[in-house]
Amino acid sequence: MTITERRRRSGRRIVAADQPPIPLTVRKAFACLAASAAIAAAATTASFAQTAATGAPQPTSGAAQAAPAASGAIQTPPGMVRYPHPIFDKGRLVLWHGAWRDRLKSTGQNQSAKAQAPSPKDQGQSAAVAAPAQPRLNAFTLLADPNDACAGRLARDFVAALQAGGADGKVVAGGVSAAALGAAVDGDRADLAIAPLDALLADPQASAKWRERAPFIAKLSGEPIEIIAARDVADLRQLAGREVGFGPADSADATSAATLFSAFGVAARPAYEPLADALNDLAAGRLAAVVAVDGRCAPALAQFGADRRFHELAVRWAPAMRSVYAPARLTAKDRPNLIDEAENIDTVAAPRALIALDAAPGSPRAQTAAALTKSFFESFDRLLAPDRDGAWRNVSLAAEAPWPRLRAAQEWIDAARPASDSSLDAFRAAARSAASADGGPAAQDSDRLYDSLMQWRGAGQ
Amino acid sequence: MPMILLKSVAGLFAGVAVGALSLAYWPQIQPAAVAARPTVEQPQRVAQSAPVGLDKAALDKLALALRGAKPDAAETAEGPTRGLTLTPTDVSFSGPSDEARQFRAQGLVALAYGDVAAARAFLERAADAGDARALLALGDAYDPATLARLGALGVKGDASRARDYYQKASEAGLAAARQRLAANEISQ
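Numbering of residues starts from 1 in each chain and follows the order in which that chain's sequence is written. Starting at A for chains and at 1 for ligands, labels are handed out in the order in which the entities are written. Local features in this predicted model are restricted to residues of pLDDT 70 or higher, and side-chain atom pairs are both shown and tallied only at a pLDDT of 80 or more, whereas totals for entire chains, interfaces and linings draw on every residue.

### Notes on the overall build of chain B
What counts as a helix is a DSSP run of H or I of at least four residues, what counts as a strand is a run of E of at least two, and both are numbered from the N terminus. For chain B, the count of helices and strands is 10 helices and zero strands. Counting from the amino terminus, chain B carries its helices and strands in the arrangement α-α-α-α-α-α-α-α-α-α. Every C-beta atom is placed from the backbone, and the number of other C-beta atoms within 10 Å of a residue's own sets its class: buried at 20 or more, exposed at 12 or fewer, partly exposed in between. Per-residue burial over chain B gives 41% buried out of 188 residues. In this description, a residue-residue contact is defined by the distance between C-beta atoms placed from the backbone, which must lie within 7 Å. Sequence-distant contacts in chain B: of pairs separated by 6 or more residues, those separated by 24 or more amount to 50%.

### Some remarks on the packing of helix α14 (residues 364–378) of chain A against helix α15 (residues 407–416) of chain A
Residues and elements named next belong to chain A. Contact geometry for α14 and α15: axes closest at 8 Å, N-to-C directions at 35°. Helix-helix and strand crossings are classified by hand; for α14 and α15 the assignment is right-handed. For the pair α14 and α15, contact is made by Ala369, Ala370, Thr373, Lys374 and Phe377 and by Ala408, Ala409 and Trp412, respectively. Polarity classes work like this: nonpolar for Ala, Val, Leu, Ile, Met, Phe, Trp, Tyr, Cys and Pro, charged for Asp, Glu, Lys and Arg, and polar for all others, with Gly in that last group. Grouping the amino acids of the contact of α14 with α15 by side-chain chemistry returns six nonpolar, one polar and one charged. Interaxial angle, 0 to 180 degrees, is taken between N-to-C directions of lines fitted to C-alpha atoms, where a helix line uses only the stretch in contact. Each crossing is labelled by how the near helix is turned from the far one, with a counterclockwise turn of less than a right angle marking it left-handed and a clockwise turn marking it right-handed.

### Regarding the packing of helix α6 (residues 116–128) of chain B against helix α7 (residues 132–142) of chain B
Residue and element names in this part refer to chain B. Contact geometry for α6 and α7: axes closest at 9 Å, N-to-C directions at 155°. Considering the angle they form, α6 stands roughly antiparallel to α7. As α6 packs across α7, the resulting crossing turns out to be left-handed. Counting all contacts with α6, which are made through Val116, Ala119, Arg120, Leu123, Glu124, Ala126 and Ala127, the residues of α7 involved are Ala134, Leu135, Ala137, Leu138 and Ala141. Oblique is the label for any angle not covered by the other classes, which are roughly parallel (under 35 degrees), roughly antiparallel (over 145) and roughly perpendicular (65 to 115).

### Quick look at the nonpolar core
Among the nonpolar cores identified, the biggest contains 161 residues, and Leu142, Leu192, Ala193 and Ala289 of chain A are the most heavily contacted of them. Here this core spans two domains, and each of domain 2 (140–413) and domain 3 (418–459) of chain A adds at least three residues to it. In this usage, the nonpolar core is the set of buried Ala, Val, Leu, Ile, Met, Phe, Trp, Tyr and Cys residues whose C-beta atoms join them within 7 Å. Domain segmentation is taken from an automatic or database assignment of domains.

Nothing here speaks to function; it is all geometry.
Put into structure tokens, the structure is as follows:
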């Protein structure tokens with residue numbers, strides 16, 4: 001595979017000339033040697049450098065500093081700064097942060113960026129290379145699933161709200177499955193993402209280290225999972241072995257659908273196609289059912305089923321779902337073609353989350369994410385305006401999730417909360433105790449929790 | 001000759017050291033195995049026999065718990081995958097009071113954790129199942145005064161809905177609901 005091909009696949013901007021392919025083992029050996037030499041060099045020198053622009057101490061990678069000496073003269077391209085994670089190709093450091101973004105052209109900051117970027121001459125005088133000088137709010141990208149109209153609307157709202165605060169963001173379309181986000185993290189494709197939390201939690205590759213690199217900022221509103229099937233299908237288990245439309249591959253819908261079906265132990269055969277196509281196939285009998293998450297933004301679903309041949313399947317709630325899902329209910333008002341009058345269809349809501357990409361604690365990207373988080377939280381009321389998506393009104397910024405939260409987000413929440421009191425602490429302690437039990441909060445916990453709530457509320461009266 | 005041998009041994013040690021350091025540093029060069037997995041860029045219709053990319057152990061545990069929700073019916077007639085009954089009749093609870101109380105417990109935990117939207121969803125299920133205490137807790141989950149004291153950020157209260165739930169709880173005989181209404185805690 002050529003570098004050009006790899007660039008296209010990974011999304012990384014690789015600043016190096018194409019060279020004849022070299023076996024992977026040889027490339028790894030070069031990378032090992034370069035990294036080892038870098039570690040050795042770093043061990044003999046100070047590992048912290050003072051950034052020229054901010055004056056704040058920034059941890060620098062010993063490998064990134066010493067690799068040029070080990071692999072030949074490498075100079076920082078104009079307008080770029082070193083990427084904090086060294087990436088090697090054929091033994092050479094090749095990835096430079098900021099190269100791909102093209103953000104400087106549109107914001108007219110070429111001059112300042114060039115001024116911030118160290119010149120080759122400067123590099124010759126000092127091995128210390130500046131990290132991104134200042135977390136810049138005026139240029140960020142938010143990744144959203146192009147097949148999820150509601151996520152796209154949320155993303156546009158988010159960008160608009162931060163733009164009102166002086167930021168200059170843009171929405172970029174891309175996959176938000178765990179695999180796609182993994183590529184986005186490593187490929188430096190975006191700063192933030194709106195991603196399905198259930199799929200992230202179910203992903204086997206989401207190691208603790210990877211989770212730290214993709215912390216969540218806020219848990220967004222849950223959206224009902226809808227399963228539309230012919231009326232002779234009354235039970236989710238009847239879909240085992242049959243072909244079910246899951247949504248486009250790598251989409252939020254597909255990952256949420258796969259997670260839910262796996263959780264119930266129903267091995268349906270997923271068909272990956274857009275919702276409108278899947279509904280056509282369902283109507284033609286080529287699919288047994290179609291799964292739609294966030295169907296409120298899908299006109300195709302709103303118009304589907306006028307012939308009354310189809311209906312919504314219920315998804316039974318089970319306590320084991322509590323850490324990820326929340327109960328949800330659909331009525332004829334939501335789906336007049338698919339739900340009979342006076343009928344309630346119970347299902348579950350799959351949560352989305354606002355994720356910071358490649359923002360491990362202490363990294364330069366974490367600083368950028370912190371600035372974005374602060375702007376987001378402080379401008380949140382703009383998102384509650386009537387012209388914004390109604391889902392913002394159900395967002396609890398302090399809501400927790402079984403996923404690491406960006407430290408700056410947690411610090412902002414802690415600072416914004418009013419001072420606690422002993423009765424509120426007792427209520428929260430009771431909740432923690434109930435939640436930490438095997439199986440989570442149980443029926444027998446309900447009265448103790450209720451009494452604790454009453455004591456807290458009574459104490460404030 | 002001994003000097004040559006000594007140099008060779010030293011070189012060997014140096015090589016081992018470099019190799020060890022390389023192994024120690026290698027994860028930062030290849031930081032996430034997730035990236036190696038292919039990404040399908042163009043939507044296409046592909047049928048697969050089983051879902052992929054999921055934590056089987058975690059999902060097995062979840063599936064086991066799901067099946068365990070109805071242990072009396074799960075293993076009797078239709079094999080190990082049964083236990084999920086999805087008709088409107090069957091989603092009603094075999095033990096309504098316990099189920100309602102469990103929803104209430106989950107709702108109160110979510111409320112304490114600041115997840116107000118989830119708390120409302122759980123408590124509404126409990127209230128629908130006839131739990132009067134859930135009605136009062138729902139009133140609190142919509143009460144702007146409660147949310148302010150709780151430090152709920154983002155989501156807003158709804159005084160009108162809170163009053164409605166307090167009223168229903170009061171009609172169900174809860175004295176605390178009457179106190180809430182009498183104290184006129186909710187701003188108009």
